[in-house]
2 protein chains.
Amino acid sequence: MNNFNFYNPTRIAFGEGKVAELDQLVPHDAKVLVLFGGESARRTGTLDEVTSALGNRQVTEFGGIEPNPSFETLMKAVAQVREQGIDFLLAVGGGSVIDGTKFVAAAAVFEGDEWDILLQGGNNIERALPFGSVLTLPATGSEMNKGAVVTRRSLKAKLPFHSDFVFPQFSVLDPTKTYTLPLRQVGNGVVDAFVHVVEQYLTYPAQAPVQDRFAEGLLLTLVEIGEQALAEPENYEVRASLMWTATLALNGLIGSGVPQDWATHMLGHELTALHNLDHAQTLAIVLPSMLRERKAAKLDKLVQYGERVWNIREGSAEERAEAAIAKTQAFFELLGVKTRLGDYDLGENHIEPLIQSLENHGMVALGEHGDVTPDVCRRVLQASL
Amino acid sequence: MNNFNFYNPTRIAFGEGKVAELDQLVPHDAKVLVLFGGESARRTGTLDEVTSALGNRQVTEFGGIEPNPSFETLMKAVAQVREQGIDFLLAVGGGSVIDGTKFVAAAAVFEGDEWDILLQGGNNIERALPFGSVLTLPATGSEMNKGAVVTRRSLKAKLPFHSDFVFPQFSVLDPTKTYTLPLRQVGNGVVDAFVHVVEQYLTYPAQAPVQDRFAEGLLLTLVEIGEQALAEPENYEVRASLMWTATLALNGLIGSGVPQDWATHMLGHELTALHNLDHAQTLAIVLPSMLRERKAAKLDKLVQYGERVWNIREGSAEERAEAAIAKTQAFFELLGVKTRLGDYDLGENHIEPLIQSLENHGMVALGEHGDVTPDVCRRVLQASL
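Since this is a predicted model, take the numbers as computed values, not measurements.

Colleague: Explain the overall build of chain A to me, please; I cannot follow it from the model alone.
Modeller: In terms of regular secondary structure, chain A is built from 15 helices and 9 strands. The C-alpha atoms of chain A give a radius of gyration of 20 Å, which matches the 21 Å a tight globule of 385 residues would have. Taking the principal axes of the C-alpha coordinates as reference, chain A spans close to 65 × 45 × 45 Å. Taking the intrachain contacts of chain A between residues at least 6 apart in sequence as the baseline, contacts between residues at least 24 apart amount to 77%. Each charge class in chain A was averaged separately, 32 positive and 49 negative side chains, and the resulting centres sit 1 Å apart.

What follows is the structure, encoded as structure tokens:
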């Protein structure tokens, strides 16, 4: 096991009806800005429920945070926070709204050019406004971690940042809030959570049996409930397991003390930045080819993954690894998330600009060994055509 | 899944050499009291290493916190804290020292009779001194939770308390600090962690697949490494896995959203209070008989436990459950922790006073269904003769 530091102070209030606990979770004298995405938050009644739970507090709203939240939009929220003297933020939505709120929390009290937060990956954050979230889309884990990704459309750049200052103070996880989600978003959510686990698990053996078992437990659960989450939108138990699994997939726990990869995410970010694909779609395109390209380096863990998650116990190590990758790809397809560039009308001619963009963002030594170069990424994309 | 709230703000610094990080973890202007147990902390050099890491801070010591820490001893530490104006506590030791430090942290700033903290289970705690820990014995999980157990020898009472105010601010987990532990304490630690998991897992199915998988992951790891932890005291990877497993066994995570039992612990506490047995010894005596006595209520989970942890796949449900219990008991014996009252020179005549003590402490409706009465406990002890 590698040395590590673990810290996660986010409070979780989990279950049906937990939105009412906002009254205990948000300071009574707070001036609250409620941030959300599209109008579904209002149409489903969640915004009303939130406002009602906040009682007599001063509450204003900022809507319109888009999927893959943009610096341009978020800076409007920053301006509103500063103008209105807001001192508490409440994100109501999925990972994009929560990621966006993390940026607003840090940028509103940042001295200097706010884009520098992204350019320095959050290392320059010294304070942030306190904030919480009401999660409506299980996928990214942003509700219980200190990371976020922001896109600057004018630069076609999608960049992550991390800081202890942007842990949500709390997150309310009510599975019934997911009942009205479009199925595309549910399928995306399962894929996103699945790949988060894979990026922290499918590297090389590191004598960390607990982390392995936890990761496998999350993957097994996603495999068991994935289809049902799509077929039975109002199955409380299934949606509850999906929600908690997605949170635990990226709250820092399973990645503590083990090598991590993240090459699939970094290459995927470029696909979103240049072609506006859903985040999970980019992961579904990249991951299977990335695993095949790096089969030798990941062989031991691929075999373990095949055995423990997919019950693959026959054949050579190479055959088992390939079977495990094929199962993974088929699972994504089953969830309605296509795994080929061609499925999204992208072809050979789109590859070089993606590689160029990766290089421009300094992503030239990715993966758990730092040997996933732009050349490797090019082969991965070619295999995904 | 049941509704739940989860919160755990303890920072973990894990790995060889992490004691040096005390310099960042303890405030630079702190007046520190270092609390420890026997002289082994000094003999092994850990106290010196801690003092050295604390640099120029004002540091005084309080040694002599015994296993199953006593109210009587801890109140001496409280007096020292008050006299010397201590404002930060640092526990160096295992669960007893950390539990004791939690009590000192709360009692030193408590208004009223400090024993009331135990009588009210911690509900009356409104503040506590900040504290951290350097763990030397993987077992109880106290290093990353908000619970503690204190014994008042004059009353022969061993009682737990819980409060958000007594989460350690940080815990340093260096596996090399466990190399010099007596094997009895290592065996005890494995049993203690194992039973912590069982009390949160072996109840009834609650549609919480992730919690089940995590619990099974911890149990599987303990089964895989238990003997090796005894046989190879300086195997870093084994001791590291044991340490992290014991912490995760009782940090609130696997018990969130699921029914819990704890009858074995409550009955075990009476055995320690009246006969001074090691905590883990009491669990090893009580658990197998408790599981047999309650086999019908726990049948579904016993079968699942047998299959996933012990690979028991043959026979009727009843047979599988019995086989799983037998495997559990044999595992404890293999670790050198005896599982019969007779092994500790206790017999039939000791049972009634234990039951009387249980009743005196109000422990009359234990277990996940509240139906573990003193009569049930009597049968359990008789079966453990």
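Let us keep going from here.
Colleague: Looking at this model, I keep getting lost on helix 10 (residues 263–275) of chain A. Mind explaining?
Modeller: Each turn of an α-helix holds 3.6 residues, which means side chains three or four residues apart point in the same direction. Residues and elements named next belong to chain A. Taking 1.5 Å as the rise per residue, helix 10 with 13 residues should run 18 Å; its terminal C-alpha atoms sit 18 Å apart, in good agreement. Counted residue by residue, helix 10 has 11 buried out of 13 residues, so it is predominantly covered. What helix 10 keeps buried is the set Ala263, Thr264, His265, Met266, Leu267, Gly268, His269, Glu270, Leu271, Thr272 and Ala273. Asn276 sits one or two positions beyond helix 10 and adopts a positive phi of about 60°.

Colleague: Honestly, the pattern of salt bridges in this entry has me stumped. Any pointers?
Modeller: Once the charged atoms of two side chains with opposite charge are near each other, the side chains can pair. All names here are of chain A. Overall, the coordinates contain 56 salt bridges over all chains when judged by the stated rule. The partner of Arg82 in a salt bridge is Glu114, with the nearest N and O atoms 3.0 Å apart. With a gap of 32 residues between them, Arg82 in helix 4 (residues 71–84) and Glu114 in the loop between helix 5 (95–107) and helix 6 (116–119) connect regions that are remote in the sequence. Of the charged contacts in the structure, one is a salt bridge between Glu307 and Arg313, with a shortest N-O distance of 3.5 Å. Beyond isolated ion pairs, a larger network of salt bridges with shared partners links Asp261, Arg294, Lys298, Glu368 and Asp371.

Colleague: Please explain the environment of B:Leu299 as it appears in this structure.
Modeller: All names here are of chain B. Turning to its location among the elements, Leu299 is positioned in helix 12 (residues 299–310). On the accessibility criterion, Leu299 (24% relative accessible area) is partly exposed. Separated by 22 residues in the primary sequence, Leu299 and Ala321 place their C-alpha atoms 6.6 Å from one another.

Colleague: Honestly, the pairing of strand 2 (residues 11–14) of chain A in this entry has me stumped. Any pointers?
Modeller: Remark: a regular strand shows side chains that alternate across the two faces of the sheet. Pairing geometry for strand 2 of chain A and strand 9 (residues 170–173) of chain A, over 4 bridges, is parallel. Bridging across to strand 9 of chain A, A:Phe14 finds its partner in A:Leu173. For strand 2 of chain A and strand 1 (residues 4–6) of chain B, the ladder comprises 3 bridges, and the chain directions are antiparallel. Residue pairing for strand 1 of chain B: A:Ile12 is matched across the bridge by B:Phe6.

Colleague: Which parts of the structure should I look at to understand the packing of helix 8 (residues 209–231) of chain A against helix 8 (residues 209–231) of chain B?
Modeller: The description of two helices packed together rests on the angle between their axes and the distance between the axes. At a closest axis distance of 9 Å, the pairing of helix 8 of chain A and helix 8 of chain B adopts a crossing angle of 150°. Taken together, helix 8 of chain A and helix 8 of chain B sit at an angle that is classed as roughly antiparallel. The way helix 8 of chain A lies across helix 8 of chain B gives a crossing that is right-handed. Residue-level inspection shows A:Pro209, A:Val210, A:Arg213, A:Phe214, A:Gly217, A:Leu218, A:Leu220, A:Thr221 and A:Glu224 of helix 8 of chain A in contact with helix 8 of chain B, the latter providing B:Pro209, B:Val210, B:Arg213, B:Phe214, B:Gly217, B:Leu218, B:Leu220, B:Thr221 and B:Glu224.

Colleague: Is there a simple way to explain the interface of chain B and chain A in this structure?
Modeller: Interfaces are often sized by the amount of accessible area the parts lose when they come together. The interface of chain B with chain A comprises 39 residues on the first partner and 39 residues on the second. Counting each side, the surface lost to burial between chain B and chain A is near 3500 Å², with a carbon and sulfur contribution of 58%. Seen at the junction of chain B and chain A, the total is 4 salt bridges. A salt bridge links B:Asp164 to A:Arg11; its shortest N-O distance comes to 3.6 Å. Our enumeration of links across chain B and chain A arrives at 14 residue pairs in polar contact (both at pLDDT 80 or more). Sorting the residues of the side of chain B that touches chain A by element identifies strand 1, strand 2 (11–14), helix 8 and helix 9 (236–248) of chain B as the ones contributing at least two each. Top element by residues in the side of chain B that touches chain A is helix 8 of chain B. It accounts for 10 residues. Considered class by class, the residues forming the side of chain B that touches chain A number 20 nonpolar, 11 polar and 8 charged.

Colleague: Is there a simple way to think about the packing of aromatic side chains in this case?
Modeller: For any two aromatic rings, the description comes down to two numbers: the centre-to-centre distance and the angle of the planes. Taken as a whole and assessed by the stated rule, the structure comprises 27 aromatic pairs over all chains. Ring centres of A:Phe194 and A:Phe331 lie 5.5 Å apart, and the angle between their planes is 50°; this geometry places the pair in the tilted category. Within this pair, whereas A:Phe194 is found in helix 7 (residues 183–201), its partner A:Phe331 is found in helix 13 (residues 317–334), the two being separated by 137 residues in sequence. Overall, the relative accessible area of 0% leaves A:Phe194 in the buried class. Here A:Phe331 falls in the buried class, since its relative accessible area comes to 4%. Residues B:Trp310 and B:Phe331 carry aromatic rings whose centres are separated by 6.0 Å and whose planes lie at 65° to one another, so their mutual orientation is edge-to-face. Of this pair, B:Trp310 sits in helix 12 while B:Phe331 sits in helix 13 (residues 317–334), and the two are 21 residues apart along the sequence. As far as burial versus exposure is concerned, B:Trp310 and B:Phe331 are alike and both buried. One aromatic cluster is present, formed by A:Phe71, A:Phe103, A:Trp115 and A:Phe161 through successive ring pairs. When the ring centre of A:Tyr7 is taken as reference, the NZ or CZ atom of B:Arg11 above it lies at 3.7 Å.

Criteria and thresholds
Residues numbered from 1 in each chain as written. Chains lettered and ligands numbered in written order. Predicted model: local features only at pLDDT ≥ 70, side-chain atom pairs only at ≥ 80, totals over all residues. Heavy atoms only, no water. Helix = DSSP H or I, 4+ residues; strand = E, 2+ residues; numbered from the N terminus. Rg over C-alpha atoms; globule rule 2.2 N^0.38 Å. Contact = heavy atoms within 4.5 Å. Lys, Arg positive; Asp, Glu negative; His and termini not counted. Charge placed at Lys NZ, Arg CZ, Asp CG, Glu CD. Expected span 1.5 Å × (residues − 1). Buried < 20%, exposed > 50% of the residue type's maximum accessible area, 1.4 Å probe, protein only. Salt bridge = Lys/Arg side-chain N within 4 Å of Asp/Glu carboxyl O. Pairing = 2+ DSSP bridges. Axes fitted to C-alpha atoms, helices over the stretch in contact; angles between N-to-C directions. Parallel < 35°, antiparallel > 145°, perpendicular 65-115°, else oblique. Left-handed = near helix turned anticlockwise from the far one by under 90°. Buried area = accessible area lost by both parts, 1.4 Å probe. Polar contact = N/O pair within 3.5 Å; in protein donor to acceptor, adjacent residues only side chain to side chain. Nonpolar A, V, L, I, M, F, W, Y, C, P; charged D, E, K, R; others polar. Phe/Tyr/Trp six-rings, centres within 6.5 Å; stacked < 30°, edge-to-face > 60°. Lys NZ or Arg CZ within 6 Å of the ring centre and 35° of its normal.

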